[in-house]
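# Coordinates in review
One-letter residues, chain by chain:
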Amino acid sequence: MFATLMRYRVPAILALTLIIASLLVPDFATLTTLALGLDRSSAIGLVAVGLTVLLIAGQIDLSVGSVFAVSGIVAVMLQPSLGLLVSSIVGVLAGSLAGAINGFIVVRIGINSLVTTLATMLVFRSIAHWLTDSQPIPGTNILFSIQMSHIYAGLFTLRSALFLAAIVGLHLWLTRTVAGRYLFAVGSSRAAADASGIAAQRYLFGSFVFASTLAGAAGVLQSLTTNTGSPVYGSELTVAVIAAVVVGGTRLEGGIGSALGTLGGVLVIAALTTAMEFSSVPAYYQQVVSGVILILLIVLDRLFQGNGRVRGRSDAARLKGFQWRRS
Amino acid sequence: MRKFTRLAGLATAALLATTAIAGAKTVCYVTAADSHAYATPANEALAAKAAELGLEVLSLSQNFDVQTGTEQLNTCIARKADAIILWPLDPQAYIPGLARAQQAGIPSILINSPMADEVKPFIKSFTGPDVYEEGEMAAVALNEVLGGKGKIVIIAGQAGNGTTLGRVGGFVDKLKELGSGIEILDTVNADFDQQKALVASRDLITRFGDQIEGVYANDDTMARGFIDAWKEARGDAPVPPTVGINGQRDAFDSIRSGEMYSTIVQSPKLDGELAIETVAKILNGEEVGERLPIPLTVVTKANVDQVEPAF
């Protein structure tokens, strides 16, 4: 019973939060809340999808919040000359370029990803301020922004549908494809992966580009939704995203993680925030409560993973016949 | 199990917060921050006045993060608030959220900081100080004390924030209008934070040193940051004439002691009260003006003993 509860700790906490909130807060348990909750988690969520891949590969990217801002700004700045669609694509590509820069420094030059992306985080943030002269830039089409906020079928905004699609896509890729399994192998032990003929460097580089591309896409969507490209966007984002991914059971050390876990992590954070906002809990208490629950979940994760079978890793391990060290 | 006790604690807190709500009309108040020299007294005055008027306030703090604020508007809508008071930190970003509130039949007003003109169809009113006028008043004061010439630095608030844009814009435009010979050496953002202003000022003093003949800070806390940095670097050398805004108590002390030249009194109490009173009128079906300002007073050594500090 206890082991089962620990194994399903993320859905359990999510369910508990939702049940308590709907019992205590009037109007919490409605479709509107769900729809708006999904919409608010989709910015964090899309970035978290990219970061899940990168964390499984054993790397980290602290610059996602800055890339989020830069991509949005690029998209908004180009709107007058290129139109909505093309400028948005260019904005996302700016994210990909940022990822390629991170990937190049980490993989080719061989600098630790924490240090690299700490530096590029500052550089990209400065670029955001430089491009905009530190002022938010208005987009050209406020009506489209209002359209972006529209809830379809009572449940989805365009953004939240994209986020859920990305989760499903990532889940299938990680669990059903050989490339997905190789990613776990690369994250578990790069040397072993190299030795068994996996192009580890390519996977690592690709992971950086993927993470930044999704951060860019999330930033462009945010700018379209708010009709603004702002140099301060995403400054609070990175910590929340890493928290969501880690709560979902993905390890900072690499080699372990799942898309559904990340979905759970994102939803837990969104549900906690929304429930506390609904009851007007001051922001600083909110952060204490969120922090405590985060620590609790991560400790539970360690206890469970320490005693039990290691998931995710074992499939990849069997595939290549590796002998894993116990964590 | 520990997590149950934790959650039970949270649940009790939530219960206490919500029991009072039944019956009264709920106003969703998306404020700039919980703990801030100006925002806190404004929030408190708003809450006190609301209790007097029999309104329930659901208070959400953005902690100066625009993205949080845009998401909190969603919470207000989902919570089916009867009205929204928004403290905007960006001229554009909240418009879709306010439009969504309007679709849901929830009237919204802005407090304290302005937004772009496109917001007008979506709000009933904007209450609070005219920040552009404050910038102009600060320009007149600094221009006067410097005799229409000299080199200055501007310590601005948060990038892109409506208050910052207004206070800097009004200041710069007014200098131009006055034909002033004042030259701006640099403008830095210190996010209305004393500590950040201290750090930024150290850099400015290192870079420009004695070239700095005057200082315009977007609020008194940042003016304090500059004064502290100056004393650190220059000891007892007189501080260049420093102009702040907000009229807080310690700025009054600095004006008396000569460390600061002037401030502009803008009362957070009146700011908070006016917003909730306006919302109460809207909920009673009364018409309200689209722009409701609060009074402003320039304070220098000449009148420092006749004026009440704002907070």
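The structure displayed is predicted, hence computed values, not measured ones.

## Things to note about the overall build of chain A
- For chain A, the helix and strand inventory stands at 14 helices and 2 strands.
- A globule of 327 residues ought to have a C-alpha radius of gyration of about 20 Å, and chain A, at 20 Å, matches this closely.
- Dimensions of chain A, computed from the C-alpha atoms along their principal axes, are close to 55 × 50 × 35 Å.
- Buried residues in chain A amount to 55% of all 327 residues.
- Taking all contacts inside chain A whose residues are at least 6 apart in sequence as the whole, residues at least 24 apart take part in 79%.
- Entry remark: accessible area of chain A is about 13300 Å², with carbon and sulfur atoms responsible for 69%.

## A word on the packing of helix H7 (residues 194–208) of chain B against helix H8 (residues 220–234) of chain B
All names here are of chain B.
- Contact geometry of H7 with H8 gives a least axis separation of 7 Å together with a crossing angle of 45°. The angle between H7 and H8 falls in the class oblique. Read as a crossing pair, H7 and H8 show a hand that is right-handed. For the pair H7 and H8, the contacting residues are Gln-194, Ala-197, Leu-198, Ser-201, Arg-202 and Ile-205 in the first and Thr-221, Met-222, Arg-224, Gly-225, Phe-226, Asp-228, Ala-229, Trp-230, Glu-232, Ala-233 and Arg-234 in the second.
- In the contact of H7 with H8, the residues fall into 8 nonpolar, 4 polar and 5 charged.

## Comments concerning the pairing of strand S6 (residues 149–156) of chain B
Residues and elements named next belong to chain B.
- With 6 of 8 residues buried, S6 is to be regarded as a mostly interior element.
- Here S6 pairs with strand S7 (residues 181–189) via 8 bridges, running parallel. Bridge assignment links Lys-151 to a residue of S7, and that residue is Glu-183.
- In this fold, S6 hands off to helix H6 (residues 162–178), which returns the chain to S7; that crossover is right-handed.
- Here S6 runs beside strand S8 (residues 214–217); their pairing, made up of 4 bridges, is parallel. Along S8, the bridge assignment pairs Ile-152 with Gly-214.

## Regarding the packing of aromatic side chains
- Using the criterion set out here, one finds 5 aromatic pairs over all chains in the structure.
- Ring geometry for Tyr182(A) against Tyr203(A): centres 6.3 Å apart, planes inclined by 70°, an arrangement best described as edge-to-face. Taken together, the residues Tyr182(A) in helix H8 (residues 178–188) and Tyr203(A) in helix H10 (residues 200–226) connect sequence positions 21 residues apart.
- The partly exposed category is assigned to Tyr182(A), whose relative accessible area is 22%.
- Here the aromatic cluster, defined as three or more aromatic residues joined through ring pairs, consists of Tyr38(B), Trp87(B) and Phe311(B).
- One residue, Arg234(B), lies across the ring of Trp230(B), its end atom 5.2 Å from the ring centre.
- Arg291(B) extends its terminal NZ or CZ atom over the ring of Phe126(B), reaching a point 4.0 Å from the ring centre.

## Brief notes about the nonpolar core
Residues and elements named next belong to chain B.
- Counting 151 residues, the largest nonpolar core has Ile-85, Leu-86, Trp-87, Leu-98, Ile-155, Ile-212 and Phe-226 as its most contacted members.
- If sequence neighbours within four positions are ignored, Ile-155 has contacts with Val-188, Ala-190, Ala-197, Ser-201, Leu-204, Val-215, Tyr-216, Ala-217, Asn-218, Met-222 and Phe-226.
- Of all hydrophobic cores here, the second largest spans 17 residues; its members include Leu-146, Ile-154, Ala-156 and Leu-175.

## A look at the packing of helix H3 (residues 31–56) of chain A against helix H11 (residues 237–247) of chain A
Residue and element names in this part refer to chain A.
- Where H3 contacts H11, the two axes come as close as 9 Å, and the packing angle between them is 60°. The angle between the axes of H3 and H11 places the two elements in the oblique class. The way H3 lies across H11 gives a crossing that is right-handed. In this structure, H3 contributes Ile-44, Val-47, Ala-48, Leu-51, Thr-52 and Leu-55 to the contact, and H11 contributes Leu-237, Ala-240, Val-241, Ile-242, Ala-244, Val-245 and Val-246.
- When the residues that make up the contact of H3 with H11 are grouped by side-chain class, the tally is 12 nonpolar, 1 polar and no charged.

## A few points about the sheet that holds S6(B)
Residues and elements named next belong to chain B.
- The sheet built from 4 strands is open, its strands ordered S7-S6-S8-S9 with parallel pairing. Two strands close off the open sheet at either side, each with one partner strand: S7 and strand S9 (242–243).
- Two elements, S8 and S9, share 2 bridges in a ladder whose sense is parallel. Bridged to Tyr-216 within S9 is Val-243.

## Brief notes about the interface of chain B and chain A
- On the side of chain A, 53 residues touch chain B, which itself brings 44 residues to the contact.
- Across the chain B/chain A interface, buried area totals approximately 4000 Å², and carbon plus sulfur atoms make up 65% of it.
- One salt bridge in this structure joins Arg40(A) and Glu71(B), with 3.5 Å as the shortest N-O distance.
- Summed over the shared surface of chain B and chain A, the number is 10 residue pairs in polar contact (both at pLDDT 80 or more).
- Looking at the side of chain B that touches chain A, the elements with two or more residues in it are helix H1 (2–19), strand S2 (55–61), helix H3 (66–78) and helix H4 (95–103) of chain B.
- Of the residues forming the side of chain B that touches chain A, the biggest block, 10 residues, is contributed by H1(B).
- Here the residues of the side of chain B that touches chain A sort into 22 nonpolar, 13 polar and 9 charged.

## What to know about the pattern of salt bridges
Residues and elements named next belong to chain B.
- This model, assessed by the stated rule, comprises 19 salt bridges over all chains.
- For Arg-224, the salt bridge is made with Asp-228, and the minimal N-O distance between the two is 3.1 Å. Separated by 4 residues within a single helix, Arg-224 and Asp-228 lie in helix H8, roughly one turn from each other.
- Taking the shortest distance from any N to any O, the salt bridge between Asp-305 and Arg-256 comes out at 3.0 Å. Of this pair, Asp-305 sits in the segment after strand S12 (297–299) while Arg-256 sits in helix H9 (residues 249–257), and the two are 49 residues apart along the sequence.
- With relative accessibility at 58%, the residue Asp-305 sits in the exposed group.
- For Arg-256, a relative accessible area of 38% gives the class partly exposed.
- Here the salt bridges do not stand alone but share partners, grouping Arg-224, Asp-228, Lys-231 and Glu-259 into one network.

## Observations concerning the confidence of the model for chain B
All names here are of chain B.
- Within chain B, residue pLDDT values average 90, and 93% of them lie at 70 or more.
- Predicted confidence is poor over residues 14–22, with pLDDT under 50, and the contacts of this stretch with residues over four places away or in other chains come to 12 contacts.
- Quick note on the complex model: pTM equals 0.76, ipTM equals 0.72.

## With respect to the sheet that holds strand S3 (residues 83–86) of chain B
- Taken in spatial order, the 6 strands line up as S2-S1-S3-S4-S5-S11 (chain B) in an open sheet, and their pairing is parallel. Across the chains shown, the open sheet's two edge strands, defined by having one partner strand only, are S2 and strand S11 (291–292) of chain B.

Calculation notes
- Residues numbered from 1 in each chain as written.
- Chains lettered and ligands numbered in written order.
- Predicted model: local features only at pLDDT ≥ 70, side-chain atom pairs only at ≥ 80, totals over all residues.
- Heavy atoms only, no water.
- Helix = DSSP H or I, 4+ residues; strand = E, 2+ residues; numbered from the N terminus.
- Rg over C-alpha atoms; globule rule 2.2 N^0.38 Å.
- Buried < 20%, exposed > 50% of the residue type's maximum accessible area, 1.4 Å probe, protein only.
- Contact = heavy atoms within 4.5 Å.
- Areas by Shrake-Rupley, 256 points an atom, 1.4 Å probe, with all protein chains shown as cover.
- Axes fitted to C-alpha atoms, helices over the stretch in contact; angles between N-to-C directions.
- Parallel < 35°, antiparallel > 145°, perpendicular 65-115°, else oblique.
- Left-handed = near helix turned anticlockwise from the far one by under 90°.
- Nonpolar A, V, L, I, M, F, W, Y, C, P; charged D, E, K, R; others polar.
- Pairing = 2+ DSSP bridges.
- Right-handed = clockwise from strand over helix to strand, strands pointing away.
- Phe/Tyr/Trp six-rings, centres within 6.5 Å; stacked < 30°, edge-to-face > 60°.
- Lys NZ or Arg CZ within 6 Å of the ring centre and 35° of its normal.
- Core = buried A, V, L, I, M, F, W, Y, C linked by side-chain atoms within 4.5 Å.
- Buried area = accessible area lost by both parts, 1.4 Å probe.
- Salt bridge = Lys/Arg side-chain N within 4 Å of Asp/Glu carboxyl O.
- Polar contact = N/O pair within 3.5 Å; in protein donor to acceptor, adjacent residues only side chain to side chain.
- pLDDT = per-residue confidence, 0-100.

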